[in-house]
Each structure stands twice: as C-alpha cells, then as structure tokens.
Amino acid sequence: MGVLFDNLDLWGQALGNTLLLFLAGGAIALVLGTIVGAMRVSPVPIARAVGTIYVNIVRNTPLTLIFFFFAFGYPQLLPSPGFTVLAMWALGIYTATYVAEVIRAGINTVPVGQAEAARAIGLPFGQVMTLIVLPQAFRSVVPPMMSVFIALLKNTTVAAGFSVMELGVIRAYLSERGENALVVLLWVAAIFVVLVLLLSLLQRRLENSWRIAR
Amino acid sequence: MRRTRILAGASIAAVAALALTACNSGSPTSPGGDGGDTGDVLPWTVATDVTLDGSPTFENITDRGKVVIGVKEDQPGLGYLDVTTGERTGFDVDIARWIAASLGFDEDGIEFKAIASANREQSIVNGDIDYYVGTYSITDKRKQQIDFAGPYFITGQGLLVRADEDAIASEADLDENTTVCSATGSTPIQNIRENFPGVPTTEFDLYSACVEALLNGDVDAVTTDQAILIGYAAQQPDKLKVVGEPFTEERYGVGLMKGDDVLRAHINQLFTDGGDIWQAIFDRNLGDSGIQVTQPAVDAY
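Residues numbered from 1 in each chain as written. Chains lettered and ligands numbered in written order. Predicted model: local features only at pLDDT ≥ 70, side-chain atom pairs only at ≥ 80, totals over all residues. Heavy atoms only, no water.

Going by an unreviewed UniProt entry, chain B carries the name Glutamate ABC transporter substrate-binding protein and comes from Protaetiibacter intestinalis. Turning to chain B, the UniProt record has this under Sequence similarities (unreviewed entry): "Belongs to the bacterial solute-binding protein 3 family." (UniProt positions renumbered as here; feature names shortened; annotations may be inferred.)

As recorded in an unreviewed UniProt entry, chain A goes by Amino acid ABC transporter permease and comes from Protaetiibacter intestinalis. The annotation that UniProt attaches to chain A under Sequence similarities (unreviewed entry) is "Belongs to the binding-protein-dependent transport system permease family. HisMQ subfamily." Under the UniProt heading Subcellular location (unreviewed entry), the entry covering chain A gives this text: "Cell membrane".

A. Region of interest: empty space enclosed by the protein. With the rule as written, the count across this model stands at two cavities of 30 Å³ or more. Its volume calculated, the largest cavity comes out at about 120 Å³. In this structure, the largest cavity is lined by 15 residues; those nearest its centre are Glu176(A), Arg120(B), Thr135(B), Tyr207(B) and Asp225(B). Elements represented by at least two residues in the lining of the largest cavity include exactly helix H6 (187–195) and strand E11 (221–225) of chain B. Among the residues forming the lining of the largest cavity, the class breakdown is three nonpolar, six polar and six charged. Per-domain counts for the lining of the largest cavity show at least three residues from each of domain 1 (56–154 + 251–287) and domain 2 (156–249) of chain B. The volume enclosed by the second largest cavity comes to roughly 40 Å³. (1 Å grid on protein atoms, 1.4 Å probe; cavity = no way out; pocket = protein on both sides within 12 Å on 5 of 7 lines; lining within 4 Å. Points joined across faces, edges and corners; volume = space filled by probe spheres on them. Helix = DSSP H or I, 4+ residues; strand = E, 2+ residues; numbered from the N terminus. Nonpolar A, V, L, I, M, F, W, Y, C, P; charged D, E, K, R; others polar. Domains from an automatic or database assignment.)

B. Structural context of the interface of chain B and chain A. Contact residues are listed per partner, giving 22 residues for chain B and 20 residues for chain A. Between chain B and chain A, roughly 1,800 Å² of surface is buried when both sides are summed, and carbon and sulfur atoms account for 40% of that area. Inspection of the region where chain B meets chain A yields four salt bridges. Taking the shortest distance from any N to any O, the salt bridge between Arg142(B) and Glu176(A) comes out at 3.1 Å. (Contact = heavy atoms within 4.5 Å. Buried area = accessible area lost by both parts, 1.4 Å probe. Salt bridge = Lys/Arg side-chain N within 4 Å of Asp/Glu carboxyl O.)

C. Region of interest: the UniProt feature "transmembrane region" (unreviewed entry) in chain A. Residues and elements named next belong to chain A. Feature annotation in UniProt assigns "transmembrane region" (unreviewed entry) to the following positions: residues 20–41, 53–74, 86–105, 144–169 and 181–202. Annotated as 100% helix and 0% strand, the span residues 86–105 places its first and last C-alpha atoms 29 Å apart. Along residues 181–202 the backbone is 100% helical and 0% strand, and the end-to-end C-alpha distance reaches 32 Å.

D. Broad picture of a nonpolar patch on the surface. Residues and elements named next belong to chain A. There is a patch of nonpolar side chains on the surface, built from Met 1, Phe 5 and Leu 8 and spanning about 350 Å² of accessible area. When you line up the elements, Phe 5 lands in helix H1 (residues 2–5). In this structure Phe 5 comes out as exposed when scored by relative accessible area, which is 52%. (Patch = residues over 30% accessible without salt bridge, like charges linked within 9 Å, V, L, I, M, F, W, Y side chains within 5 Å. Areas by Shrake-Rupley, 256 points an atom, 1.4 Å probe, with all protein chains shown as cover. Buried < 20%, exposed > 50% of the residue type's maximum accessible area, 1.4 Å probe, protein only.)

E. Highlighting the pairing of E11(B). All names here are of chain B. The buried count for E11 comes to five of five residues, which makes it a mostly enclosed element. Both strand E8 (residues 157–162) and E11 contribute to a ladder of four bridges, which runs antiparallel. If you follow Leu 159 over to E11, its bridge partner there is Thr 223. (Pairing = 2+ DSSP bridges.)

F. Seen up close, the UniProt feature "domain: ABC transmembrane type-1" (unreviewed entry) in chain A. Following the UniProt record, one finds the feature "domain: ABC transmembrane type-1" (unreviewed entry) at residues 15–203 of chain A. Each end of residues 15–203 of chain A is marked by a C-alpha atom, and these two atoms are 22 Å apart; helix forms 80% of the span and strand 0%.

G. Local environment of the sheet that holds strand E2 (residues 74–75) of chain B. Residue and element names in this part refer to chain B. What the three strands build is an open sheet, ordered E2-E3-E4; its pairing is antiparallel. With partners counted over all chains shown, the strands left at the sheet margins are E2 and strand E4 (87–89), one partner each. Taken together, the two bridges between E2 and strand E3 (residues 79–82) define a ladder with antiparallel strand orientation. Within E3, the residue paired with Gln 75 across the bridge is Gly 79.

H. Up close: the pattern of salt bridges. Evaluation of the coordinates by the stated rule reveals 22 salt bridges over all chains. A salt bridge links Lys66(B) to Glu111(B), with the shortest nitrogen-to-oxygen separation between them at 3.0 Å. Residue Lys66(B) is located in the loop between helix H2 (56–64) and strand E1 (67–71), and its partner Glu111(B) is located in strand E5 (residues 110–114); the two are separated by 45 residues in the primary sequence. Taking the relative accessible area as the measure of exposure, Glu111(B) reaches 28% and is therefore partly exposed. Note that Asp94(B) is salt-bridged to Arg284(B), the shortest N-O span being 2.8 Å. Here the residue Asp94(B) occupies a position in helix H3 (residues 91–102), and Arg284(B) occupies one in helix H10 (residues 275–286), the gap between them amounting to 190 residues. Taking the relative accessible area as the measure of exposure, Asp94(B) reaches 2% and is therefore buried. Through salt bridges with shared partners, one network takes in Glu176(A), Arg120(B), Glu121(B) and Arg142(B).

I. How the structure looks around the packing of helix H4 (residues 63–77) of chain A against helix H5 (residues 83–109) of chain A. Residues and elements named next belong to chain A. Contact geometry for H4 and H5: axes closest at 9 Å, N-to-C directions at 140 degrees. Judged on the interaxial angle alone, H5 and H4 are oblique. At the point where H4 passes H5, the crossing takes the right-handed sense. In this structure, H4 uses Leu 63, Ile 66, Phe 67, Phe 70, Ala 71, Tyr 74 and Pro 75 to contact H5, whose residues at the interface are Phe 83, Leu 86, Ala 87, Trp 89, Ala 90, Leu 91, Ile 93 and Tyr 94. (Axes fitted to C-alpha atoms, helices over the stretch in contact; angles between N-to-C directions. Parallel < 35°, antiparallel > 145°, perpendicular 65-115°, else oblique. Left-handed = near helix turned anticlockwise from the far one by under 90°.)

J. Highlighting the UniProt feature "domain: Solute-binding protein family 3/N-terminal" (unreviewed entry) in chain B. In the numbering adopted here, UniProt assigns the feature "domain: Solute-binding protein family 3/N-terminal" (unreviewed entry) to residues 66–285 of chain B. The span residues 66–285 of chain B carries 35% helix and 28% strand; its end-to-end C-alpha distance comes to 25 Å.

K. Structural view of the confidence of the model for chain A. A residue-level look at chain A finds 99% of positions with pLDDT of 70 or above and a mean pLDDT of 91. Across chain A, the secondary-structure element scoring lowest on mean pLDDT is H1(A), at 80, and the one scoring highest is helix H3 (residues 45–59) of chain A, at 95. (pLDDT = per-residue confidence, 0-100.)

L. Layout of the environment of Val125(B). Residues and elements named next belong to chain B. Among the secondary structure elements, Val 125 is positioned in helix H4 (residues 120–126). For Val 125, a relative accessible area of 46% translates into the label partly exposed. Spatially, the C-alpha atoms of Val 125 and His 266 are 20 Å apart, while their sequence positions differ by 141 residues. When sequence neighbours within four positions are dropped, the list of residues in contact with Val 125 reads Gln 145 and Ile 146.

Written as structure tokens, this is what we have:
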C-alpha cells in the first residue's frame with residue numbers, strides 16, 4: 001500500500017494520462033473505424049479500395065512502428081503538437097482498423113433485405129448506412145468491439161517508450177525512488193484488471209439494453 | 001506445381017539468410033574482449049588466493065568461476081561498448097575490472113551485462129549480477145533494497161546543449177521554451193519536473209536517444225549527471241557543450257546484494273588503499289575532459 005500512497009502524485013498523473021490516451025484514442029478509432037468500415041462495403045470502387053488499403057497496411061504494421069513514425073517522423077514533416085497528442089493519434093489510427101473490421105462483420109449480420117428495402121424507398125447510400133444498417137450492425141458486435149477497446153487500453157502502455165507519462169512508465173519512476181519494481185508492477189496489473197472489469201460491466205449493460213429480438 | 005513453389009520459397013529464404021550472414025561476417029568482432037587495452041599497462045594487478053569468508057556473493061562467484069558485473073554501455077568515458085570491436089571502456093568499467101581483479105579474476109573471468117537504470121535494484125536482488133558499477137547514485141531509498149560500497153566518484157546534475165546554443169548558460173535559463181530530455185523516470189528528470197515546473201520534458205529509454213534528439217533540434221538540452229554529459233561532449237566537441245555548474249550532488253557507489261557486509265568492506269578497503277590506482281583509472285578515462293576531481297572518502301556505513 002505504501003508504494004501507492006507515498007507516490008500518489010505520480011500514480012494520479014499516470015492513471016490520468018492512461019485514461020486520456022484510452023478515451024481520446026478510442027474516440028478517434030470509433031469515428032474513423034466506422035467511416036472506414038462503411039467505406040469497405042460502399043458501392044464506390046475507390047472508397048472500397050482506399051478502405052481496404054488502409055486496413056491492410058495499418059493493421060499489418062506493428063503498433064511500435066506506428067508510434068515510431070508519430071514520435072520521430074511526423075515532427076520532421078509538421079510542427080509537433082506534443083508526444084501525448086501524437087500518441088492519441090497513433091493509438092486511434094491503429095485501433096480504427098480493428099474497429100472497421102468488427103463493424104464490417106456487424107454489417108454482414110444485417111439481412112440484405114433491410115438494405116434493399118431502404119434503397120427501394122429511395123434512401124441514398126449514406127442514409128441506408130446511418131439509419132438502417134449501422135444501428136443494427138453496432139448492436140450485434142458489442143462483445144468483439146469491447147475486446148478491441150480492451151486491447152486499446154492495454155496498448156496505451158506502448159506510449160511509455162515515446163515520452164508519454166502513463167502507467168507503463170511508472171515502474172521506471174518508482175524504481176528511481178527506491179520502490180520494489182515487482183510490487184509496482186503488481187499494482188499496475190491490479191489497476192488494469194479493475195479498468196477492464198469496468199469495461200466488461202459496460203459491455204454487459206449494452207448487450208442487455210441493445211438486444212435485438214430475432 | 002505446389003511443391004516447386006514451396007521449394008522456390010524455401011530457396012529464396014535460404015539465399016536471404018546467407019546474404020544476411022555474409023553481411024554479419026563483414027564486421028570485425030572480438031567476443032569476450034582481447035584483454036581490452038592494447039598497448040598500455042593496467043594500473044591494477046590481479047590478486048591470487050583470495051578468500052572472503054562469509055560473503056554469499058563471493059561464494060556465487062567462485063562456484064560459477066567468473067564475475068558477472070552490471071554496467072552501462074552507452075556512456076562514453078564512463079561505461080561504453082564499442083560495437084564494432086566489442087571493447088568496453090570507461091571509468092566505471094575500469095573500476096569494475098579493478099574490483100574483479102581484487103577478487104582474483106582477470107578480463108577472461110568477467111562477464112559484463114548491460115542493465116538499464118530502472119532495472120538495477122531488481123537485478124541485484126534477483127542475483128542476476130554480482131555487483132553493479134554504472135553511474136549508480138547512493139540514496140537512502142535504494143539502501144533499503146541493496147547495499148552500496150563507495151562512493152568512488154562525486155558529480156552532480158548538469159546540462160548539455162548544442163555547441164551553437166547561446167540562450168542556455170545554466171539551469172537558471174530553463175523556461176517554457178526550452179525542452180529538456182533525460183532517461184525515462186530517472187532522478188534528473190524527476191528533479192526537473194518537481195523543481196522547474198513549466199519546463200517541458202521529453203523522456204527516452206537511453207541517454208543516447210536524448211543526445212540524438214538534441215542534435216536533431218527536437219529538444220534544447222539534455223540533463224543528467226555532469227560526468228555523463230562530459231563524455232558525450234568529448235565525443236562530439238564541435239556539436240555539443242556542457243554548460244553551468246552541477247546543481248545537485250550525486251555520489252556514485254557500487255551496488256551490492258543487501259547484507260553482504262564482507263564484500264562491501266572488501267571493496268571499501270580497496271578504494272581506501274588504492275588511491276594511486278584510482279587516480280590512474282581516472283586519468284586514462286576522464287583525464288582529458290578537463291574536469292578536476294579528487295577521490296572521495298568512502299562512506300563505510
């Protein structure tokens with residue numbers, strides 16, 4: 001307990017930054033992923049091609065390399081907004097590919113007749129997606145989507161190597177303050193378990209309230 | 001059809017592997033070190049018939065037949081590994097060799113392990129290394145987990161800037177426009193964050209990454225112990241310079257397993273008796289840097 005309470009300043013800052021990376025990265029991933037997922041099933045060949053290329057290139061690149069680009073390559077091209085903001089984008093852009101694929105799987109669960117009926121009453125592709133298909137797709141992919149976000153939460157620790165003060169860094173700090181590294185790591189693990197349990201709780205609630213009668 | 005394709009794939013892989021090994025054999029390597037120091041005479045002599053009754057570390061060393069020493073390898077002048085020759089040099093490394101020699105082990109009986117700052121206590125507690133010599137500051141908190149022999153060197157936190165930098169002459173010039181870099185979680189970076197609020201900080205695993213960022217212009221200053229910074233400045237004097245006076249006091253010790261008082265007393269005695277050897281080690285590693293240091297008295301707590 002001493003490890004926790006003697007260093008509350010660092011733990012608070014680290015936890016705050018981890019949550020910030022998670023929430024901001026998650027928001028970017030959700031928005032971008034939904035757009036890319038929709039692009040991959042769109043009738044426009046160029047949109048499909050762009051979506052496919054994006055998903056296949058970014059998803060097949062290790063997250064560390066994406067971080068490497070954002071931390072060292074991006075500031076050479078454009079003025080850097082700071083490592084924390086760059087880390088949010090790295091996480092968001094990387095996770096968006098997984099979100100896109102999950103959403104595409106969800107879209108495939110929506111019966112074709114739904115989209116055909118929507119087209120038959122004259123809705124354009126955008127409205128078919130936003131009004132008919134995506135709402136149903138989201139409901140059927142809550143569990144895999146939450147797994148993607150749990151992975152995102154744990155991936156935030158990669159930012160430790162790129163000058164972002166979050167839970168992945170705290171061991172280095174506390175070992176300089178003379179704390180036992182293993183005890184620190186156990187606390188970090190415990191915090192992540194609690195956070196993931198909260199996400200699981202959210203998942204259960206969404207599953208119950210969004211259940212579709214089929 | 002399918003088989004030929006697999007064969008083709010396998011042969012491409014084989015050719016690639018051969019090409020890679022060919023590249024590797026091009027660079028000269030001398031594993032294990034070749035005595036390390038070509039030409040000049042070592043200031044210390046290897047002891048014979050050493051006995052240290054009641055030292056668990058020394059027991060481990062004799063059982064194993066060699067000494068395992070934790071060091072740094074990216075700090076020129078202190079603890080440095082030349083990757084092309086495999087040769088380790090530096091003040092700390094020589095201190096480590098001197099201690100090994102006092103235990104009866106020459107260069108062939110030493111295995112060096114590079115251990116990052118954040119992992120030092122754990123490596124000593126776990127017994128991965130027998131002792132650690134690598135810019136290891138003696139602090140009371142660390143003494144709760146391990147023991148220190150020494151100090152064998154005293155320095156303090158300093159600043160390294162680009163040679164053409166005029167705006168930063170000392171720590172008083174640090175402000176919100178000057179980004180300071182140091183190793184992740186290290187004491188110097190914690191000091192900056194606490195005592196210089198508002199100064200932006202950047203952290204990488206290794207000091208060498210910070211120096212790289214400084215040369216690129218991504219950061220404006222690198223901070224850590226001045227002795228380390230002087231090593232970098234000496235390596236590239238036309239690009240880097242050390243400014244200001246040390247603004248903290250760091251006392252470097254040899255990290256040991258907690259409770260091994262026999263070995264600690266042995267090393268402290270070695271430092272106390274070996275003033276000439278200490279001076280010789282200092283001169284051959286840091287003598288050209290221009291810093292003036294006298295050997296500190298050991299703190300035999």
